[in-house]
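Working through the structure, step by step
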Amino acid sequence: MRFGFLLLATLFGACGGSSDDDGAAGSAGSAGSAGSSGSAGSAGSAGSAGVGGAAGSFTGKTCGIGAPCAPGATCEYSSIESGATCECDDSGHYFCESWAGAGAPPFLTCTPTSACGDPASDAGTGQCTQTNGYCTRTCECNGTCGMDCSDSGPAPDPGYACDLTYCATDWGSYGSCAVDDGTCKVEINCYDDPPTVTGSCP
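Attention here is on the structure that accompanies the text. Along each chain, residue indices are assigned from 1 in the same order as the chain's sequence is written. Two thresholds apply to this predicted model, a pLDDT of at least 70 for residue-level local features and 80 or more for giving and counting side-chain atom pairs, whereas whole-chain, interface and lining totals are computed over all residues. Excluded from the side-chain calculations are hydrogens and water; all other atoms, namely the structure's heavy atoms, are used.

Describing the side chain of Ser78
The test is simple: Where helices and strands are cited, they refer to DSSP runs of H or I of at least four residues and of E of at least two residues respectively, numbered from the N terminus. Pairs of residues are marked as contacts when any of their non-hydrogen atoms sit within 4.5 Å.
You can see Ser78 is positioned in strand β2 (residues 74-78). Residues contacting Ser78, with those up to four places away along its chain left out, are Gly83, Trp99, Tyr166, Trp171, Gly172, Gly175 and Ser176.

Quick look at the state of the cysteines
Using the following cut-off: Two cysteine sulfur atoms form a disulfide, by the criterion used here, when they sit within 2.5 Å.
Under the counting rule described, the total for this entry stands at 10 disulfides. Bridging Cys69 to Cys88, the disulfide has an S-S length of 2.1 Å. Here Cys69 and Cys88 share a disulfide; its torsion about the S-S bond, 90°, makes the bridge right-handed. Separated by 19 residues along the polypeptide, Cys69 in the loop between β1 (62-63) and β2 and Cys88 in strand β3 (residues 82-88) bring together distant segments of the chain.

Topic: the pattern of salt bridges
Operational definition: Should a side-chain nitrogen of Lys or Arg be within 4 Å of a carboxyl oxygen of Asp or Glu, the pair is scored as a salt bridge. Note on classification: 1.4 Å probe, protein chains only; a residue is buried when its accessible area is under 20% of the maximum for its type, exposed when over 50%, partly exposed between these limits.
Across all of its chains, the model carries two salt bridges by this definition. For the salt bridge of Asp181 with Lys61, the shortest nitrogen-to-oxygen distance reads 2.8 Å. Linking Asp181 in the loop between β10 (176-180) and β11 (185-189) with Lys61 in the loop between α1 (2-54) and β1, this pair joins segments that are 120 residues apart in sequence. Taking relative accessible area as the criterion, Asp181 reaches 18% and is therefore assigned buried.

Let's talk about the packing of aromatic side chains
To keep things clear, this is the line we draw: To pair, rings of Phe, Tyr and Trp, with the six-membered ring standing in for Trp, must have centres within 6.5 Å; the planes then decide the type, stacked if under 30 degrees apart, edge-to-face if over 60, and tilted in the middle.
Throughout the structure, instances matching the rule amount to two aromatic pairs. Aromatic side chains Tyr77 and Tyr160 sit 5.3 Å apart centroid to centroid with 55° between the ring planes, which places their arrangement in the tilted category. On the criterion of sequence distance, the pair formed by Tyr77 in strand β2 and Tyr160 in strand β9 (residues 160-161) is long-range, its members being 83 residues apart. Under the relative-accessibility criterion, Tyr77 is labelled buried at 4%. Of the residues examined, Tyr160 reaches a relative accessible area of 24% and is grouped as partly exposed.

This is how it looks when you write it as structure tokens:
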């Protein structure tokens, strides 16, 4: 009889031990699920970093007098109180006109108005000329302008790449630039802190 009780106790003890082992295995499985969730969170953080890097990583297209361009393209660049707006001419190069506020020296721009008494005008003739190295504009005082695109370059100015490097130049550090040529449409504002990029340029 006593041997029977000992046998039963031994059998029940063995069953209890198996139950405890199964419970431990279940806990380990839960810990593994938590680890998977943690990995998903890390992947999300990496994606955010990629988006932030893409904003300033591209190389911008050049905007400036005589810079190559596609038909219909426009660009502009500025400093604190002066700048230029440019359109693609028939030769496939930017032809630019300047603007300036008080105290800022303008670029030499030839228009029917400036032909009447601008530093760009030819003294005593009532006309002015302006070139980008490929096309030459000639304007009469209060009259009309003509364009001759028979020149072969080079451009008189290297221009500026319209990307974040523009903000590191002496001219652009407090200004902005923009390019719109059909494939690239981007604007850089250097006066923001830090500088901001709007749009994209492949």
